[in-house]
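# Observations on the three-dimensional arrangement
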Amino acid sequence: MFKGLGSMLSLLGNQGKIQEEIQKFQAQVGQITAEASSGAGYVTAKVNGRMEVLSVRISDDALKLNDREMLEDLVTAAVNQALTKVRAQLAEESAKMAANIGLPPGMLGGGGFPGMG
C-alpha cells in the first residue's frame, strides 16, 4: 500500500518527464497502424492508433461474387480485426510509456492509455 504511495510521490516530482513521455506517446498514436483481412483476402482494412479507418480494399474476386450482404460482413470483420490489432499495439506502447515514467505494471489498466479507445 505504501509502496504505491511512494511511486505516486516520485511521479509528482517527475512531471516534466511525464509530460514528455505522454507527448511522445500521443505523437506515436497516429503512426501506429494495423491491417487485417477477411474472406481469404477478399477484404483488407487498415486502421491507425486513433481508431480511424485509413483504407478498405475490396478484391476484384469479391466484387465478382455480387453478394452485398457477404461483402458488408467481410468489411465489418476486417475492420474489427484491424481495430483489435491496433488496440493491442496501443496497450504495448502505453505499457512502455508507463515503465519509462516509473509507473508500476498495470497502473494504466489493461486497455492502455486512458481515453485511447
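The coordinates are above.
Residues numbered from 1 in each chain as written. Predicted model: local features only at pLDDT ≥ 70, side-chain atom pairs only at ≥ 80, totals over all residues. Heavy atoms only, no water.

Along an α-helix, residues three or four apart share an orientation, since each turn contains 3.6 residues. Taking 1.5 Å of rise per residue, the 15 residues of helix α2 (residues 15-29) would be expected to cover 21 Å, and the 21 Å separating its terminal C-alpha atoms lies within 8% of that figure. Among all positions of α2, only I18, E21, F25 and V29 are buried. Projection of α2 onto a plane perpendicular to its axis shows the buried side chains occupying an angular sector of 85°, all on one side. Projecting away from the buried face of α2 at angles above 90 degrees are the exposed residues Q19 and Q23. (Helix = DSSP H or I, 4+ residues; strand = E, 2+ residues; numbered from the N terminus. Expected span 1.5 Å × (residues − 1). Buried < 20%, exposed > 50% of the residue type's maximum accessible area, 1.4 Å probe, protein only. Arc of directions from axis to C-beta.)

In this section: the nonpolar core. Within the largest apolar cluster, 18 residues are counted, with the highest numbers of intra-cluster contacts made by F25, V43, V47, V86 and L90. Secondary-structure elements contributing two or more residues to this core are α2, β1 (33-38), β2 (43-48) and α4 (68-100). Broken down by element, this core gets its largest block of residues, 9 residues, from α4. (Core = buried A, V, L, I, M, F, W, Y, C linked by side-chain atoms within 4.5 Å.)

With that out of the way, let us pick up α4. Over its 33 residues, α4 extends 48 Å from the first C-alpha to the last, a length consistent with the 48 Å expected when each residue adds 1.5 Å. On its buried face, α4 is in contact with α2, β1, β2, β3 (53-58) and α3 (60-64). Where α4 ends, the next residue or the one after it, G102, has phi of about 90°, a positive value. (Contact = heavy atoms within 4.5 Å.)

In total, this model carries 4 salt bridges according to the counting rule given. In this structure, E35 and R57 form a salt bridge, with 3.7 Å as the shortest nitrogen-oxygen distance. Here E35, found in strand β1, pairs with R57, found in strand β3; they are 22 residues apart in sequence, far enough to count as distant. E35 sits in the partly exposed class, given a relative accessible area of 37%. Of the residues examined, R57 reaches a relative accessible area of 44% and is grouped as partly exposed. Across the pair K96 and E93 runs a salt bridge whose closest N-O atoms are separated by 3.3 Å. You can see K96 and its partner E93 sitting in helix α4, 3 residues apart, about one turn around the helix. With a relative accessible area of 43%, K96 lands in the partly exposed category. Overall, the relative accessible area of 19% leaves E93 in the buried class. (Salt bridge = Lys/Arg side-chain N within 4 Å of Asp/Glu carboxyl O.)

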